[in-house]
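Coordinate inspection notes
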Amino acid sequence: MADIDSIYKPSPHGGDGGGHSRMEWLDAMRGFTMILVVAYHVAQMAFEQNEKTSCSLPFLVLFRMPLFFFVSGFLAYKSKWIWTAESFIRLTWKKIKVQVLPAFVFLCILLVLRSKQPFGDALLKNLQLPTKGGYWFTWVLLQMFIIYYIVAALAQRLRNSHIPIWILWVVCLAAYQSLYMPSALGKWYKNDFMMYSSMYETFKFMHFFVLGNLVHRYWHQVQRLFDTRWFFPIVTILAFLCCADIFRLHTFKMEWVNLPKTLAMYTLMLIVIMVFRHYAEHFTSQTRTGRCLQYIGVRTLDIYLLHFLFLPKLPMVGKWLNEYHPNFCIDIVCAFSVAAVVIAFCLLTSNILRTSPLFKEYLFGRK
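Everything in this summary refers to the structure shown in the same document. (Residues numbered from 1 in each chain as written. Predicted model: local features only at pLDDT ≥ 70, side-chain atom pairs only at ≥ 80, totals over all residues. Heavy atoms only, no water.)

**Focus: the overall build of the chain**
How we decide: What counts as a helix is a DSSP run of H or I of at least four residues, what counts as a strand is a run of E of at least two, and both are numbered from the N terminus. Accessibility here uses a 1.4 Å probe with only protein chains present; expressed as a share of the type maximum, an area under 20% marks a residue as buried, one over 50% as exposed, and anything in between as partly exposed. Areas reported as accessible are Shrake-Rupley estimates using a 1.4 Å probe. Residue values count occlusion only from the protein chains shown.
Looking only at helices and strands, the chain features 18 helices and 0 strands. For the chain, with 367 residues in total, the buried portion stands at 51%. As displayed, the chain offers around 18,200 Å² of accessible surface, 68% of which is attributable to carbon and sulfur atoms.

**Side note on unusual backbone geometry**
Among all residues except glycine, the phi angle is most often negative; among peptide bonds, the trans geometry is most common. We note that Glu 48 has phi near 55°; this positive angle belongs to a residue other than glycine. Considering the arrangement of structural elements, one finds Glu 48 in the loop between α1 (24–46) and α2 (57–60).

**A look at the pattern of salt bridges**
Counted only if it meets this: What counts as a salt bridge is simple: a side-chain nitrogen of Lys or Arg found within 4 Å of a carboxyl oxygen of Asp or Glu.
For the structure shown, the criterion picks out 4 salt bridges. A salt bridge links Arg 277 to Asp 227; its shortest N-O distance comes to 3.1 Å. Placement of Arg 277 in helix α13 (residues 258–278) and of Asp 227 in the loop between α11 (219–226) and α12 (231–249) is noted, with a sequence separation of 50 residues between them. For Arg 277, a relative accessible area of 3% puts it in the buried group. The residue Asp 302 makes a salt bridge to Arg 354 at a minimum N-O spacing of 2.8 Å. One end of the pair, Asp 302, is in helix α15 (residues 300–310); the other, Arg 354, is in the loop between α17 (328–353) and α18 (357–364), with 52 residues separating them in the sequence. Of the residues examined, Asp 302 reaches a relative accessible area of 2% and is grouped as buried. By relative accessible area, which is 15% here, Arg 354 ends up buried.

Everything listed is a geometric property; what it means functionally is a separate question.
Shown next as structure tokens:
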């Protein structure tokens, strides 16, 4: 759902960020992340599972959205961009057109097709919720872009210093930590403004967006870190320990309970990034897997907007899975199989709608 205009072609180790062609593994990874999003919604909405009964939902939720926001932040950085009042307004207006109008149109379509309430009541109710009937992502991403643009413009005025971006990341991470603390500290977020504006969700995920931006700014150094012998094993061990604590051990109490969850989100996200980068040659347009994932990756907005319309109602599958809980493999296979069918219908519908230049521009943000 992020723009794809500053993706670079990787070196044999995954890309140096200094070329001018596409970093294909990043598109493929975004396609993989979109599959995770649809699979999550299949388990949640089609199978009617929840995070207490599903084996896959609690695990997928740890890194699916962090990956999306990381990639969005990574692509938001453009080293040669000159910030002026005119460029700021032009870029912001472009984002508003792409990320507000399409989501609102498809929310209305979803309510007409699926809601049992009168349309006006259902629309008002969903607009008041931070998740906006499922269409919160583009609205939240727009807020992230605007916040980032302001800080990036400030950084440019400070002779392209990265310090304001680092400060933004620390502030966003602190906001996320306090948002999820199971104590009184986190309650100040839960007011009408935070809910209706979806700033609640913005504070939840903004730190991943900023991290992606920082990684792009320090891409050469980050790649050297990725290629060290010790980094991947340490990240993997940390991910295992944190997931074990979340799902089994529960050693952290009260305000510290969010620490292993945060580390799990970061480490699992890093593992996916490092794997795709390391096996970049398998995700190029020269391979079948690469072509499929890249095609999904460059159509993430289309799939995101459309997939809610095609989610089936299969509560009997969820009931069957719950009877044999826990079985992670079967849970994942069922969710991904139905997700593949849903994505196929989304891509077919997208191609049909894109026949119209008007729909192509105003529904999917492409001219």
